[in-house]
Amino acid sequence: MEIRTATLRDLDMIAAVEAECFPIAEAADRDTIRDRLIAYGNHFWLLFRDGELVSFVDGMVTDEPDLKDEMYENTSFHKEDGEWQMIFGVNTIPICRKRGYAEMLLKKVIADAKEQGRKGVVLTCKDALIHYYAKFGFVSEGISESVHGNVVWNQMRLLF
């Protein structure tokens, strides 16, 4: 297993995993991923197994305390010394789920955000995943204002 942050050279692999993990309405397209990699590739954590990308977590850093839909498309919200690490997606290809890969990445994201002096980590998730993120210390703040992909999301926050 190898965990590292992303570079623009990883674009095609990341876009393929994103497309495999999320419905079209929720998935970031290749151009959006490219823009994110240019702006904050160091906030993409990639997990490789035998040289193949099988899981990644991505997000940005901002002083905004809540995850807003505009952040998914607009990289100008990113502030490298921001207070909050936002997570846009936790992606593991379906055939590799339930093996602890996402857990390894989330622990790395949390450790890095803590080491970087952030206030905490924020993400949104569907109802079925609230219990999963709670095991890392995330607390549900209720229904998010996000309507990304025309889905109801719960905002979760981990305070340091």
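All values reported here derive from a predicted model rather than from experimental measurement. (Residues numbered from 1 in each chain as written. Predicted model: local features only at pLDDT ≥ 70, side-chain atom pairs only at ≥ 80, totals over all residues. Heavy atoms only, no water.)

Enquirer: Sorry if this is basic, but what is going on with the side chain of Thr124 here?
Expert: With respect to the secondary-structure elements, Thr124 resides in strand β7 (residues 120-125). Each residue touching Thr124, except ones within four places of it in the same chain, is listed here: Leu67, Tyr72, Ile87, Ser144, Trp153, Asn154 and Gln155. (Helix = DSSP H or I, 4+ residues; strand = E, 2+ residues; numbered from the N terminus. Contact = heavy atoms within 4.5 Å.)

Enquirer: Hey, could you run me through the nonpolar core in this one?
Expert: For soluble globular proteins, the rule of thumb is that nonpolar side chains tend to be buried together. If you look at the biggest cluster of nonpolar residues, it comprises 47 residues, and the most contacted ones within it are Ile14, Phe44, Tyr133 and Phe138. At seven residues, the largest contribution of residues to this core is made by helix α4 (residues 101-115). Setting aside residues no more than four positions away along its own chain, Ile14 makes contact with Ala6, Ile33, Leu37, Phe44, Leu46, Leu53 and Phe56. (Core = buried A, V, L, I, M, F, W, Y, C linked by side-chain atoms within 4.5 Å. Buried < 20%, exposed > 50% of the residue type's maximum accessible area, 1.4 Å probe, protein only.)

Enquirer: It is not clear to me how unusual backbone geometry should be interpreted in this structure. Could you clarify?
Expert: Leaving glycine aside, a negative phi is the common case for residues, and trans is the common case for peptide bonds. The phi torsion at Asp50 lies on the positive side, around 50°, for a residue other than glycine. By secondary structure assignment, the location of Asp50 is in the loop between β2 (44-49) and β3 (52-58). Although it is not a glycine, Lys98 sits at a positive phi angle of roughly 65°. Within the secondary structure, Lys98 sits in the loop between β6 (89-92) and α4.

Enquirer: It is not clear to me how the side chain of Thr92 should be interpreted in this structure. Could you clarify?
Expert: One can find Thr92 in strand β6. In this view, Thr92 contacts Cys21, Val54, Ser55, Arg97, Tyr101 and Ala102; residues no more than four positions away in its chain are not counted.

Enquirer: Is there a simple way to explain the packing of aromatic side chains in this structure?
Expert: Ring pairs (aromatic) are described by centroid distance and by the angle formed between their planes. Within the structure shown, the criterion is met by five aromatic pairs. Aromatic pair Phe44 and Phe56: ring centres 6.2 Å apart, planes at 20°, arrangement stacked. Residue Phe44 is located in strand β2, and its partner Phe56 is located in strand β3; the two are separated by twelve residues in the primary sequence. On the basis of relative accessibility, which here comes to 1%, the residue Phe56 falls in the buried class. An aromatic cluster is defined as three or more aromatic residues linked by ring pairs; in this entry it consists of Tyr132, Tyr133, Phe136 and Phe138. (Phe/Tyr/Trp six-rings, centres within 6.5 Å; stacked < 30°, edge-to-face > 60°.)

Enquirer: What's the story with α4 in this structure? I'm lost.
Expert: For an α-helix, 3.6 residues make a turn, and residues three or four places apart therefore share a direction. A rise of 1.5 Å per residue sets the reference length of α4, with its 15 residues, at 21 Å; its end C-alpha atoms lie 21 Å apart and thus fit the reference within 8%. Inspection of α4 places Tyr101, Ala102, Leu105, Leu106, Val109, Ile110, Asp112 and Ala113 among the buried residues, and these make up the whole buried set. Looking down the long axis of α4, one finds its buried residues gathered within 165° of arc, a one-sided arrangement. Along α4, the residues that are exposed and aim more than 90 degrees away from the buried face are Lys114 and Glu115. Count one or two residues on from α4 and you reach Gly117, which has phi positive near 80°. (Expected span 1.5 Å × (residues − 1). Arc of directions from axis to C-beta.)

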